[in-house]
Each structure stands twice: as C-alpha cells, then as structure tokens.
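Architecture and fold: a report
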Amino acid sequence: MDKTPSVVGARVKRIDAEDKVAGRTLYPSDKTLPGMLWVEVVRAAHPHARIREIDVKPALEVPGVVRVLTHRDVPGENAFGIQIQDMPVLCFDRVRYLGDAVALVGAETRQAAREGARRVRVDYEVLEPITDPEAAMAPGAVALHPKGNIMHQGHFEKGDLAAGFACCAVIVENDYSVPMIDHAFLETEAGISYYDEHGRLTVDACGQYIYRDQTQIARALGLPLHQVRVMAPIVGGAFGGKDEVTVQIHLALMTFHTQRPCRMVATREESIVSHTKRHPVKMSYKTGADRQGNLLCVQARFVADTGAYASLGGPVLNVMMEHAAGPYRVPNVKVDGYAVYTNNGFSGAFRGFGCTQACVGLESQMDLMAAALRLDPLKFREQNVLHKGDLAGLGYPMTCEVGAGRTVRSAQRGALYRSRRRRAPAKPATPSLKPYLRRGVGVATQMQGLGLGIGIPDYAEVGLDLRPDGTLQLRAGTNEIGQGAYTAYLQILSGRLGVPLSRLSMVGADTALTPDSGTTTASRTIFAVGKAVELAAEKLERVLGERAERAFGWAPGPARLQGDQLAGSGGRRPLRELLGDEELSVQAVFHVPVAEREMGDGLPHRFYSFGTHVAEVEVNTLTGEIAVTAVEAHLDGGKVISRTGFEGQSEGGIAQGIGYALMEEVRLEGGRFLTTNFHTYVIPTSLDVPEDLRTVPVEVREPEGPYGAKGISETAMVGVTPAVLNAIADALGVRFFRLPVRAEDVLAALQEKKT
Amino acid sequence: MAIPIRVKVNGQVEALEVAPDESLLSMLRERLDLTGAKEGCNEGECGACVVLLDGKAVNACLVLAAEADGHEVTTIEGLGRPGALHPLQKAFLAHQAVQCGFCTPGMIMTALSLLLENPAPTEEEVRTAISGNLCRCTGYRQILDAVQAAAQEMRAGAQGRRP
C-alpha cells in the first residue's frame, strides 16, 4: 500500500537552482553594506610561540585603518569551540597553530585592512612545535593545554580477543596512515555583520548551525542571546568545514566596537591554514576469521592528530571507534583511540566524521582476509554483515532498519562487479587497452551513524505558515550548503499536504525567523528536519480540522487543503472564510530517538545508513598513473526523497572519495603548511572523475524517518576510498597502506615487487 | 593614480576610473555590483570567476581592470535572467548540475566560450574545457550532461533561425 505521491522520490528541479544559474544568488562573500569596514585577521607567525607583546600602533597609522582589536577587546569569554571552549577568539599568551588569530584590523578598504594586518607587530618567544602525536602523548611532553595533550581517549572491549584469535584460520595485521585533508569548499569563509533594525548584532555569514553560532558569539561578546542574530541561508559548500565558528565572532566583535557594518572574505590560503581539517590518523588493525569465513576478531588502535584545539575532535574519534568494526557481526572486539593535541593545524568535522578513516583500514583488512581464505570479497562481506537485532561492533543492538546486506547483494548483481574477473588486456569494452595498463575492481561496504548520537541533544523544530490564499511558507533553521535539503523539505511537505510545490516556499537559517532545526551536519537534515516537516504538516491539518469544527460545525478530524479551499467532513469551504486575512502558523519538533543505552560521549547512534561501493581502476605500470574508470554506488538511505539530489550527492561523494584515495594531502612541515592553494592542494577536476558513475538506491525504509528516508551525504563518500584502494590491489597485486596513493608510490611499489 | 577606462559590460558601456592593480574581478564585483563572478581563490586556480572577454573565457581575477579598456565583457548576469534563461542555464537547471552553486557561473561561462568556438564538442573536449573549473559538490557528470544538452539545443536553435 504505497500512497507516496509522485513528488516524493521524483526528479524535481531544486528550488534554489534558478537563481544560482542566473548568478543572482547572494552568498556570504557577495554581500556588502553601505559604510562597511573590511576586516582582516592577523594570524600567528609561528605554529607554537608565546606572545610577549602586541603593538597595534603601526597598523593604526595606515590610512584607512579604523580600528585594531586584540584579546583586550574581547568583552566576554575569550574562548570558543563546539564541544570544549579551548580556542581563543584572539590569542593572548600563546599561539598553537598558524591559523590562530592574534588581532583584527578594520579598515575602509580591503587593501588598507591587509596593509594594517601586515603592520601589527607581535613579539613572540618561539617554541618548538609539537608535530608528532605519539611524541605528544609521551610522558614529559610539553603540554599544549592544561589537561595535557591527550584531548580525548576511548577504550572498548567486547568478547575475548585472545580466545577469538586462537580460533582464527587467518589473522591479518597492518598499520595504515591517512592524511590530513581539506574540505576545499569553493566559497571561502566569509560574511557580513551589522546592527539590524531592532538593534540586534547580526551576523550573516557562512556556517552550519545558526543557533550554536549565536551561542558562541553571545558568549564571546558577553551579550544575551536575544541581542545576537545569526543567519546563513545559502552557503558555498561546507562538508563539515564550516561547522566550527570561522569568521562569525570576529565580524561581530568589529561591529560591536565600531558600530559599523563589517565584511570578511578569507583568501584561499587563509582558509586552508585556518579552518578545521579531516584528522590525519595512524591506525593499526589486527583482524581474524575462521576457516568458514566468519569474522571473529577486530582489534583496532587509532591515533588521531587533532591539532591545536578540540573543536569536534572528541566526537570524531568516538565515531571512528564506533565504526571500527564496520557493518559486521564480530564477537570479539577491542578498540583503543586517542585524539591528541599538536601544533599541526586543527582538525574537526568532515564528511564521514571519523568513519571515513576507520573504513580505509577495515575494508582493506576485509579484502586481505577474503583473499587469504580464498573467498569472494563480496561473499565474505555478505556472510558477516549486520542484520537488524544483531550486536554491532561495540556490543549494542542494531534497532534500526539495516540495509547493509542488501547493498552488498545489489553490488553483486551490478555490471561492474560481474565484470571483475575480466582481465586486461582482454577487456572487450576497451579494445585499445594497452599491455602496460592493469585493470582492477574493488569493493567496500560501510555504515555511517546518522545524527548526533545519544547524549548530544538532537532535535529539529520547524515552522509552517499557511496564508489565506492557500500558499504555504516553511521555516527551517538549517543551512542550504549545497546538499539540496530545502528542496527535499518542500517535497516532503508537498507530499504530505497534497499541495503542489509551486504553492510552497521556504525561509531558511535566520535566528530571527526560523526555529532551531539543529545542525546542518551528520547526514541528519533530511531525516530529522524532514520528519519535523511531516509532523508540522500533520499538525496543520489537525489544527485546521479543529478550527473548522468550531467555525463550520464540521465533524471532528483533520481538514485538507485544496488550493485556496479547505476540504473536510463538511465539504469544501474557501480557506479565507476560516482565516480571514490572518496567517495560520504551526510549529512542530522532532526529537531524534536515541539508543537505549549510552556508552558515553555520544555513543552509540541509533540510526545508520549503509552502502557498498564498487570501483574500477586502470593503472599505467609505466607511469604509475591511476585512473578511476567507473564507480557504482549501492546506497541504503531509506526511501529516496529527491532522486536527482540523491544521485548528485552520491556522485560528489565519489569525487571526494577519489580525491582522498589518490591526490589530496595537506602537507605540513614543523607545523607550517606547504599546501595553501589549489596547485599544491590538488582536488579532483573534470579529468579525474569517470564518466561511468552509477548510483543504485537500495531503499530499505526506516519507519522513524519521513517517508522512510535517511541521509546519505556521508555514506556517499566513505566507501569510495577503500573501494579504490582495493581496486588498485586487484589490478597490481600490490597493496597500499598509506594515502594518498600517487603515481610515484605505484612506481616505487612495482619496482620493489620486481626486485 | 586612477586609470580611466571604457568597457562594455553585458552590452552596456561603463566609464570607470580604476586602480592600476585592480583586477577585472574586483571591478565587476565591487564597483558594478556584478557578484555572479565569484572569488574562490584569486589566483586563477578554481575558475569560479570566469567571464567572457571578447567572447573568450578568462579568469577575471587574473585580468587587470585596466586591460579591459576598450573591450567587451560578458558575465553570467548578461546571459539570462530567471524566466528568460540561456540554454546553458536551462540545461544546468534541468540536469541538476547545481548543488552549492558557487562554481556554477564560472562553469557556465567557460562552457559558453567552448560552445561559441566549438558548437559540437565531444565529451572529452567538454571535460578538458572545464578542467580549470573546480567543483567540490558534484562528480562533474551532471555538468557534462548539461553542457552537451545545451550544445544540442543551441545547434537546433541556430539551425531554426536559418532561412
């Protein structure tokens, strides 16, 4: 009995796309105000140093410079951070990474602000940078923060590892290393600030959670929440990199002190140096299976370099540990994780949120075990995959719908996997395949926790306004960062109310107008906010029914909208007869259900998305170049709300997964960044992503989600990287344990294999 | 030390006094309020600022405003507007080639420059043409599809106008 109306699951045009293709959308970096100041940040000159003195006078002498702010000008708490407020708004005694802000310069022009920033004189006592996390953890290491350098650690144990390994026919043990990488969102950190018509200090800047940004700004400025307004409806990409505060507090501070509108736009170099990164992780995996191919043991140790400040390093490590055993039934598990402070930039949220790193190690191990057991890689995964009710790696039951096995079977049926044993140069599809090209196909299966996990408040509230003409406006506090969620919300609303999309509009992300819908992260918005939209639609029909009962004497029960008419038990009446000229507004909130038992620090999640990726590569054994030639994504994100959005996110995830596997690495030396632009930090271009991209929805409906939907934005990327790694191993018979795998690595490995 | 220039922007002649080190991008965005061309890197590596200079795609961040003197500049705003979109803009819309959209104007202008020169490009030619335009949200496939669809539409349009 499927009553899904056609708009849900359909290919619809994004509501924001027409303005975007016309170049009319105003992004945070496009906004200007009359009389505004440009604000530039003076950043640390050393990755680790003590500040002796800050002299702002030379900057004030630059024509056009209006104000220079230092830590003395922070009226509230000079600290911010999503989880732990250990990061100074403006440094006062010490700098801990090159992105640290020491002073702010406000000037009439961008040039003057830059010149002013260059002239601020900071006297430093340079300290030895701490760049090796293992050394930072060692006793006696110089502490970067009062509680020492181990920012967070976790230890989990289930079953009996020694006894488990004793029963294994195959044991595989390896170390893996994954690099720091940058989100490389196309729009750098930017925005404006001003006092609005109600005297509220307003920040209209990039971000991923307006209500948390509001709290962080208010805390630093010592203002009550209601005097701070934050908005960020349209953002030029984020991927987790704008989850932590970037420009917001600095903008607010300059407007607060000068009473003038202000504007900031980070340069690309500043962006790469200053914002959070994906944690570089060194991991050790020891895994084992019995002769029948039953996975018996997973032992993992993670050392994550969290850099100078906490941000979300703790939760990222938790998610890494939570997903250490992946989507598999494993009776014996031991996981140890450390997130360690260093002077290497600072790390935080990034698509996949820790799961990404663990998946690289585990899915490599899965292939190695399958090979040792002479089992088909997908059969081995299918045999061990979690089902609903099974205990996950850390020992809690999977109570959500689990589509992991179905994604594996979908991949088995896919053309790419079935072509796996076709060997170069005989592959008919590419008759020109040269003898020096090697073709390989690899797979990876994964799961990804959805939402924030137990212990972290995870709710979404939305507002819905019905006008007397029957048109509706939805208000939600999440950001449109490219993922297409605003369109999907309206599809859900349209589906539930039976009102066409053309009669619906959307207001997003403004603390003055939209309720708190939670973060725009963690693959959660379609699930959590989408569900709140469903609840709001139901509530609206209920309220309309109640009012029609009172006004028209209709029998109790919900009333339906039909154009500008109301339909119910008593027939049809013009909506205007009920509402007059007034709008009818309802609010609804959805509290994301959580696991029954908390394991500490936000663990575990209750809901997960699942996916199996199949990747094909061609490796040139003469040059070492690796070309990804096809990728198939079999994704369980529950019911698909927007087919085009689903495919778009999947393909974007594939591109990012390829980048992580083959080219991306933020390189540092002594805490200094060596890759601060797009010619040294290389991300995939149109020449690096294959034409052959296929996304297969595996729709295992999650009853708690709207129409049974879950998010896939992270699942879309996470499995791609290990699938590419496994494809390279399939092509060459050589396996790589360190990312990214570059041409020179391939050549060196082939050379070594020969000798 | 301002330099007087006359430049035709989206069909309209603008007489401006620009700074010697002012980029075309800065002139368009800050003086003329044409923010369709985006500032993604300011060093010619991301393609978000691509506009047409006498019909050819250029990174506006790498061209000095003074160099545009006596020339013709077309930005995304000069291509079409909501309700009256250019075939390329329509195709980007129809093929969901837009996510965050920050790369979109530059991507469309680069594609337009290609199609003006080569109305029937192969997929490889489109790939190469847009390889200087970074997109972090899509996997480029939807963009390539959109460019091909627009090329077809524009060819059909050109044929339709023939007597």
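Residues numbered from 1 in each chain as written. Chains lettered and ligands numbered in written order. Predicted model: local features only at pLDDT ≥ 70, side-chain atom pairs only at ≥ 80, totals over all residues. Heavy atoms only, no water.

1. A word on empty space enclosed by the protein
Residue and element names in this part refer to chain A. Our working definition: Residues are said to line a cavity or pocket when one of their atoms sits within 4 Å of a point; the points come from a 1 Å grid over protein atoms alone, cavities being sets where a 1.4 Å probe fits but cannot get out and pockets being open sets with protein on both sides within 12 Å along at least five of seven lines. Grid points are joined across faces, edges and corners, and a volume is the space filled by probe spheres set on the points. Each residue is assigned to one class: nonpolar for Ala, Val, Leu, Ile, Met, Phe, Trp, Tyr, Cys and Pro, charged for Asp, Glu, Lys and Arg, and polar for all the others, Gly among them.
Scanning the entire structure with this criterion turns up seven cavities of 30 Å³ or more. What the largest cavity holds in volume is close to 220 Å³. Along the walls of the largest cavity sit 22 residues, with Arg43, Tyr97, Val245, Thr246 and Ser274 positioned nearest its centre. Here the residues of the lining of the largest cavity sort into 11 nonpolar, seven polar and four charged.

2. A look at the packing of helix α6 (residues 210-221) of chain A against helix α7 (residues 248-258) of chain A
Pairs of packed helices are described in terms of their axes, by the angle between the two and the distance that separates them. Residues and elements named next belong to chain A. Quick note on the threshold: For every element, the axis is a line fit to its C-alpha atoms; helices are fit only across the contacting stretch, and the angle between N-to-C directions ranges from 0 to 180 degrees. What counts as a helix is a DSSP run of H or I of at least four residues, what counts as a strand is a run of E of at least two, and both are numbered from the N terminus. Any angle that is under 35 degrees is reported as roughly parallel, and any over 145 degrees as roughly antiparallel; angles of 65 to 115 degrees are reported as roughly perpendicular and all others as oblique. It is the rotation of the near helix from the far one that decides the hand of a crossing: anticlockwise by less than a right angle makes it left-handed, clockwise makes it right-handed. Between two residues, a contact is recorded if the distance between any of their heavy atoms is within 4.5 Å.
Between α6 and α7, the shortest axis-to-axis distance is 9 Å and the interhelical angle comes to 45°. Relative to α7, the element α6 is oriented oblique. Crossing geometry of α6 relative to α7 is assigned as right-handed. Contact residues: Asp213, Gln216, Ile217, Ala220 and Leu221 in α6; Gln248, Ile249, Ala252, Leu253 and Phe256 in α7. Considering only residue class, the contact of α6 with α7 consists of seven nonpolar, two polar and one charged.

3. Quick notes on the sheet that holds strand β22 (residues 571-574) of chain A
Pairing between the strands of a sheet is mediated by backbone hydrogen bonds and can be parallel or antiparallel. All names here are of chain A. What counts, and what does not: Strands pair, by our definition, only if DSSP identifies at least two bridges between them.
Taking strand neighbours across the sheet as the criterion, the three strands line up as β20-β21-β22 in an open arrangement whose pairing is antiparallel. Only two strands of the sheet have a single neighbouring strand rather than two, namely β20 (560-562) and β22. Direction aside, neighbouring strands of the sheet carry axes that sit 30° apart on average. Sheet topology note: the strand β21 (residues 565-568)/β22 ladder contains four bridges and is antiparallel. Bridge pairing in β22 links Gly568 to Gly571.

4. Some details on the pairing of strand β5 (residues 101-107) of chain A
All names here are of chain A. Defined as follows: Only protein chains enter the accessibility calculation, which uses a 1.4 Å probe; a residue whose area is less than 20% of its type maximum is buried, one above 50% is exposed, and one in between is partly exposed.
Judged by how many residues are buried, β5 sits mostly within the fold: seven of seven residues are covered. Pairing of strand β1 (residues 37-43) with β5, which is carried by six bridges, proceeds in the antiparallel orientation. The partner of Glu40 across the bridge, within β5, is Val105. Relative to β5, strand β3 (residues 65-69) runs antiparallel, the two sharing four bridges. Opposite Leu69, over in β5, you have Leu104 as the bridge partner.

5. Quick look at the domain arrangement of chain A
Residues and elements named next belong to chain A. Stated formally: Source of the domain bounds: an automatic or database domain assignment. Reported buried area values correspond to the accessible surface (1.4 Å probe) lost by two parts on association, with both partners' losses combined. Salt bridges are identified by distance alone: a Lys or Arg side-chain nitrogen within 4 Å of an Asp or Glu carboxyl oxygen.
Per the domain assignment, the segments making up chain A are domain 1 (17-26 + 459-591), domain 2 (31-127 + 189-265) and domain 3 (281-453 + 598-754). For domain 2 versus domain 3, the separation of C-alpha centres amounts to 37 Å. Contact with domain 2, which involves 19 residues of that partner, is made by 20 residues of domain 3. Each partner contributes to the roughly 1,600 Å² buried at the junction of domain 2 and domain 3, and carbon and sulfur atoms together form 58% of this total. It is Asp86, Tyr97 and Phe239 that lose the most area in domain 2 upon contact with domain 3, and together they represent 32% of the buried surface on that side. In this assembly, domain 2 and domain 3 are joined by zero salt bridges.

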